[in-house]
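Each chain, written out:
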Amino acid sequence: MKTLRDAAVGETVHVVRLHGDGAVKRRIMDMGLTKGTEVYVRKVAPLGDPVEVNLRGYELSIRKADAEMVEVK
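Residues numbered from 1 in each chain as written. Predicted model: local features only at pLDDT ≥ 70, side-chain atom pairs only at ≥ 80, totals over all residues. Heavy atoms only, no water.

Inspection of the secondary structure assignment puts Leu 18 in strand S2 (residues 12-18). Leu 18 gets classed as buried once you look at its relative accessible area, which sits at 11%. Setting aside its immediate chain neighbours within four residues, Leu 18 contacts Lys 25, Ile 28, Met 29, Leu 33, Met 69 and Val 70. (Helix = DSSP H or I, 4+ residues; strand = E, 2+ residues; numbered from the N terminus. Buried < 20%, exposed > 50% of the residue type's maximum accessible area, 1.4 Å probe, protein only. Contact = heavy atoms within 4.5 Å.)

In terms of strand pairing, S2 meets strand S3 (residues 38-44) through 3 bridges, oriented antiparallel. If you follow His 14 over to S3, its bridge partner there is Glu 38. Bridging between S2 and strand S6 (residues 70-72) involves 3 bridges; their strand directions are antiparallel. Directly across from Leu 18, in S6, lies its bridge partner Val 70. (Pairing = 2+ DSSP bridges.)

Let us look at the sheet that holds strand S4 (residues 51-55). The pairing of strands in a sheet comes from backbone hydrogen bonds and takes either a parallel or an antiparallel form. The strand order across the open sheet formed by 6 strands is S1-S6-S2-S3-S4-S5, and the pairing between neighbours is antiparallel. On the outer flanks of this sheet lie strand S1 (2-3) and strand S5 (58-62), each paired with one strand and no other. As defined by bridge partners, S3 adjoins S4 across 4 bridges and the pair is classed as antiparallel. Residue Val 41 lies in a different strand from S4, and its bridge partner there is Val 53.

Considering all chains together, one arrives at 7 salt bridges under this definition. For Arg 5, the salt bridge goes to Glu 68, with nearest N and O atoms at 3.1 Å. Taken as a pair, Arg 5 in the loop between S1 and S2 and Glu 68 in the loop between helix H2 (64-67) and S6 lie far apart in primary sequence, 63 residues in all. Taking the relative accessible area as the measure of exposure, Glu 68 reaches 39% and is therefore partly exposed. A salt bridge links Arg 42 to Glu 59; its shortest N-O distance comes to 3.0 Å. Taken together, the residues Arg 42 in strand S3 and Glu 59 in strand S5 connect sequence positions 17 residues apart. Take Arg 42: its relative accessible area is 36%, and that puts it in the partly exposed class. Look at the salt bridges and you will find they share partners, linking Arg 27, Arg 63 and Asp 66 into a network. (Salt bridge = Lys/Arg side-chain N within 4 Å of Asp/Glu carboxyl O.)

What follows is the structure in structure tokens.
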């Protein structure tokens, strides 16, 4: 299983599934990370947190812990 955290800088991936439950999963979905969404990994901070991505026409910075809950292909 590959997660958004594992995606390389410059790679475009598609969201397959969201892990987690309750409020955490809802917050990730509210950010626009839903099944089938195309996500471009723009850059990763030096220590790996946060990850900056482009999706649905906007830029999003997501924490490493949240990025691990997004399964991609």
